[in-house]
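Overview (structure and organization)
Single-letter residue listing:
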Amino acid sequence: SDDFNWEHTLVSSYVGRPLNPPAQENFVIGVLDTGSTVDLAAGASAEILGLQGRHLTPNITPIGGIAGTMDALVTMPIGVFAAGLEAVTPEGRLDLAKLIGHTNVAALAAPPIECNDGSEVSAVVGTPLLAFYTTIIHVDRPRKVTVRDKIYISPDVHITTSYEPAPAEYSRRIPMELGGLSPVTTASYFAFPDFEDILGEWLPMTPTVLSMSAMSLPTGGAFFAEVGVLQGTPGPLNALQNTRMLVDTGAQSSIISSNIAAKLNLPLEPDFTAEVCGVGGTTVVPGYYVDYVRINAMGGALEFARVPFVVIDMESPEGGSLDGILGMNLFWNRNVVLEPTTSGTGFLHLSDPVPFAYIDLNLDDAVDLTDYAIFAAAWRTTPADPAWDPRCDLFLDEVIDTRDLEAFMDSWLHMVGNAPIDTKL
């Protein structure tokens, strides 16, 4: 109601009127993505949510990704709400009582974002919302729902205003700092009048992103962690390389820049190549197994060996180039609490390893000999082999080996009596 109020408003319940009623049916399953500076819906998902017609401005914002850029339309001020799959009823409807979100938000409506394997990016909830809430991700509590005849499986996700992770359950705390071109206290868009109707509404010129203050020009921001990487034998001439990596809950793989790859003295010939998909489409990038990765944390450093990284050069929200992205492939077997803050230091809380939740390879709600047969058929294969099955590549390192077998067996043994997955957890 106020053309000069461009700041978002945090809300703990679903408010307002749905753009495309009924809201219980017209919702989409998207991604919680701390690597995204905006809230976004793409293709058919934007239409399902009602982001069309009078709810769009004529203003365009380019969005970039791994494979290029595309133009997206800035929406009129709307409300954006989210919850984990627990908010979806067995009938495939949305329980509005479980939503939280923010209003007075200029989101983006993008063209379809599709991958070569048929998957697509439907919607993204980014840092304008996630920076102000705590997100709890339980990978050992899988949820499975069916929405419009499509099956979705996800860790149990809960977005809340406050949560105190118990040290007994979350033994590591990785510090995260909010980085950007300016200090951040809020999220807002920037508006300007329509010159054809100078006395009319002030249309959003930019999407809502993190900003220094209400009515300031939004500059965005992201959460960063310090990550040490080393290739080869440590010594005076081969020290641990300290990098500043963006913490990205929407990234399946971890990334290093070509600059860091050079500092690690990686060979010109990659260990593998990977097909990656994002905004702008799909592209093939080189990848390497980095010998040693160390992430300092309260409770003790996390250390990893032979970690797969793909090499991609990307711009940083802090300006300049990005050292890399800390993706979720390092934490696939841990429960996670994302506790960001716009002032001081936030934390990424990690549990000790837990049983892997996704070894139900044929999605029949049971972990049994059928799953084992699928895994056995793909044993010791790579993408170059006819028997390759990406469902069995649990570490996303493009080889199905003893690490994948250990994860499979660990999961199987911890599923009580190999009973069907309880989606009511």
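Note that residues are indexed from 1 along each chain, following the sequence as it is written. The model is predicted, so local features are restricted to residues of pLDDT at least 70 and side-chain atom pairs to those at 80 or more, both for listing and for counting; the totals for chains, interfaces and linings are taken over all residues. As a rule here, side-chain values cover all heavy atoms of the structure and leave hydrogens and water aside.

A separate point is unusual backbone geometry. The omega angle of the peptide bond from proline 21 to proline 22 is 0°, so this bond is cis rather than trans. Elements are defined by DSSP. Helices are runs of H or I of four residues or more, strands are runs of E of two residues or more, and each kind is numbered from the N terminus. With respect to the element layout, proline 22 can be found in the loop between strand E1 (9-11) and strand E2 (31-32). At arginine 306, a residue that is not glycine, the phi angle is positive and equals roughly 55°. Mapped onto the elements, arginine 306 comes out in strand E24 (residues 302-311). For arginine 306, a relative accessible area of 45% translates into the label partly exposed. Partly exposed describes any residue whose relative accessible area lies between the buried limit of under 20% and the exposed limit of over 50%, with all areas from a 1.4 Å probe on protein chains only and scaled to the type maximum.

What makes two strands pair is DSSP finding at least two bridges between them. With antiparallel pairing, three strands are arranged side by side in an open sheet as E1-E7-E6. The outermost strands of the open sheet, each flanked by one partner alone, are E1 and strand E6 (78-82). Taking each pair of neighbouring strands and ignoring which way they run, the sheet shows an average axis angle of 20°. Orientation is described by lines fitted to C-alpha atoms, with helices fitted over the stretch in contact, and by angles between N-to-C directions that extend from 0 to 180 degrees.

Once that is clear, we can look at the packing of aromatic side chains. The rule is short: rings of Phe, Tyr and Trp, with Trp giving its six-membered ring, pair when the centres are within 6.5 Å, and they are stacked under 30 degrees, edge-to-face over 60, tilted in between. What the rule picks out here adds up to nine aromatic pairs. Plain terms: the ring middles of tyrosine 372 and phenylalanine 408 are 6.2 Å apart, the flat faces sit at 50° to each other, and that makes the pair tilted. One end of the pair, tyrosine 372, is in helix H4 (residues 369-377); the other, phenylalanine 408, is in helix H5 (residues 402-414), and 36 residues separate them in sequence. Using a relative accessible area of 36% as the deciding quantity, one classes tyrosine 372 as partly exposed. Under the relative-accessibility criterion, phenylalanine 408 is labelled buried at 1%. Pairwise contacts between aromatic rings join Phe4, Trp6, Phe190, Phe192 and Trp202 into one cluster. Stacked on the ring of phenylalanine 27, the Lys or Arg arginine 148 has its end atom at 5.8 Å from the ring centre. Two limits define a charge over a ring: the Lys NZ or Arg CZ must be within 6 Å of the ring centre, and within 35 degrees of the ring normal. Across the ring face of phenylalanine 347, the terminal group of arginine 173 is positioned such that the distance to the ring centre comes to 4.0 Å.

What follows is about the environment of alanine 378. Take alanine 378: it is sitting in the loop between H4 and H5. In sequence terms alanine 378 and proline 234 are 144 residues apart; their C-alpha atoms lie 35 Å from each other. If we ignore the near neighbours within four places in the chain, the residues touching alanine 378 are Ala387, Asp389, Cys392 and Ile400. In this description, contact between two residues means that some pair of their heavy atoms is separated by no more than 4.5 Å.

Before going further, it helps to examine the pattern of salt bridges. Each reported salt bridge corresponds to a side-chain nitrogen of Lys or Arg within 4 Å of a carboxyl oxygen of Asp or Glu. Counted according to the given criterion, the structure contains seven salt bridges. The salt bridge involving arginine 244 is made with glutamate 318; its shortest N-O contact spans 2.8 Å. Residue arginine 244 is found in strand E20 (residues 241-247), and its partner glutamate 318 is found in the loop between E24 and strand E25 (324-326); the two are separated by 74 residues along the sequence. We classify glutamate 318 as partly exposed; its relative accessible area is 30%. Between arginine 391 and aspartate 389 there is a salt bridge, with the nearest N and O atoms lying 2.7 Å from each other. In the salt-bridge network here, residues are joined through shared partners; they are Glu177, Glu226, Arg244 and Glu318.

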